[in-house]
Amino acid sequence: ATVLIVVGAIGMAVQGLFERHNEREVLAELDADLRFLARSLVVNNGVATLRVQPLADPRFQEPLSGLYWQVRNDRTGAIIHSPSLAGASFPLENDRLSLGERHRHIVVGPEGTKMIVLERRIEDPGAQAASYRVAVAVDRKLLEAANHAFLRDLLPLLGLIAVSYTHLRAHETKANL
């Protein structure tokens with residue numbers, strides 16, 4: 001019983017570390033995509049377009065892939081978005097966002113699943129007081145799938161450790177008799 005408790009605690013600790021690492025990596029990728037998207041935004045006569053299309057990750061092109069971007073005009077509400085949103089959009093928090101400042105939110109996505117969103121507001125240099133909210137998002141299902149796959153890979157190792165330790169303890173007990 002002690003072995004199972006110890007191995008279970010080790011497994012939970014390693015799984016927790018992996019989940020935090022995985023989320024940090026995904027957020028770093030989203031941040032890079034957000035910066036690229038912001039640099040690619042071109043505004044002509046109040047109409048936003050992207051200078052570079054498509055963004056590097058092919059999941060931005062695949063409908064409902066779990067990786068999305070959108071740009072919303074703060075003044076008009078007009079939205080351009082990635083093909084992966086399949087004509088939908090995702091809500092952005094109604095918070096104060098200073099120019100260049102990044103916010104992270106959890107919102108409900110196009111299929112009703114939770115998404116992690118990184119967003120920032122940028123100015124239109126050609127128009128007085130015009131700004132855009134640039135956002136990238138990832139469906140939490142993608143992170144959860146990676147976490148579950150890691151756990152499936154970890155369980156046999158934890159089982160092997162438990163069996164090996166139990167076998168070693170039984171062998172030591174026989175040797176001491």
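Preceding this paragraph is the structure being described.
So, here's what we can say about the structure. This structure is a prediction, so every number in the text was calculated from the model and none was measured. (Residues numbered from 1 in each chain as written. Predicted model: local features only at pLDDT ≥ 70, side-chain atom pairs only at ≥ 80, totals over all residues. Heavy atoms only, no water.)

## Focus on the overall build of the chain
Check the secondary structure of the chain and you find two helices and seven strands. Ordered by position from the N terminus, the helices and strands of the chain form the series α-β-β-β-β-β-β-β-α. On C-alpha atoms alone, the chain measures out to a radius of gyration of 23 Å, which is more than a quarter above the 16 Å that the 2.2 N^0.38 rule sets for 177 residues. For the C-alpha atoms alone, the extent of the chain along its principal axes is close to 90 × 30 × 25 Å. Residue pairs at least 24 apart in sequence account for 50% of intrachain contacts in the chain once pairs closer than 6 positions are excluded. Put simply, the chain shows about 10,700 Å² of open surface, and 57% of that area lies on carbon and sulfur atoms. Here the chain carries 20 positive and 20 negative side-chain charges, and the mean point of each set is 3 Å from the other. (Helix = DSSP H or I, 4+ residues; strand = E, 2+ residues; numbered from the N terminus. Rg over C-alpha atoms; globule rule 2.2 N^0.38 Å. Contact = heavy atoms within 4.5 Å. Areas by Shrake-Rupley, 256 points an atom, 1.4 Å probe, with all protein chains shown as cover. Lys, Arg positive; Asp, Glu negative; His and termini not counted. Charge placed at Lys NZ, Arg CZ, Asp CG, Glu CD.)

## Topic: the nonpolar core
The nonpolar side chains of a soluble globular protein tend to be buried with one another. Core analysis: the biggest nonpolar cluster contains 21 residues, and Leu30, Leu37, Leu41 and Trp69 have the highest contact counts within it. Per element, the largest residue contribution to this core is five residues, and it comes from helix α1 (residues 2-40). In this structure, Leu85, Phe90, Leu92 and Ala137 belong to the second largest nonpolar core, which totals nine residues. (Core = buried A, V, L, I, M, F, W, Y, C linked by side-chain atoms within 4.5 Å. Buried < 20%, exposed > 50% of the residue type's maximum accessible area, 1.4 Å probe, protein only.)

## What to know about unusual backbone geometry
Even without being glycine, Leu64 reaches a positive phi, approximately 55°. For Leu64, the location among the structural elements is in the loop between β2 (47-50) and β3 (67-73). Residue Leu64 is classed as partly exposed on the basis of its relative accessible area of 35%. Positive phi, normally seen in glycine, also occurs at Ala86, with a value near 50°.

## With respect to the pairing of strand β5 (residues 102-108)
Only one face of β5 is buried: it carries His103, His105 and Val107, and the other face, with Arg102, Arg104, Ile106 and Val108, is open. Counting the residues that bridge the hairpin from β5 to strand β6 (residues 114-123) gives five residues, and of these Gly112 lies at a positive phi of roughly 80°. (Pairing = 2+ DSSP bridges.)

## Remarks on the sheet that holds β6
Within a sheet, neighbouring strands are paired by backbone hydrogen bonds and run either parallel or antiparallel to one another. Spatially, β4-β3-β7-β6-β5 is the arrangement adopted by the five strands of the open sheet, whose pairing is antiparallel. Strand pairing shows two members of the sheet lacking a second neighbour, β4 (79-81) and β5, which therefore form its edges. The mean inter-strand angle of the sheet, taken between neighbouring strand axes irrespective of direction, is 25°. Pairing analysis gives three bridges linking β3 to β4, with the strands arranged antiparallel. Looking at β4, one finds that Gln70 is bridged to His81. Packed on one face of the sheet, helix α2 (residues 140-176) meets β5, β6 and β7 (131-139) and runs near 30° to β7. (Axes fitted to C-alpha atoms, helices over the stretch in contact; angles between N-to-C directions.)

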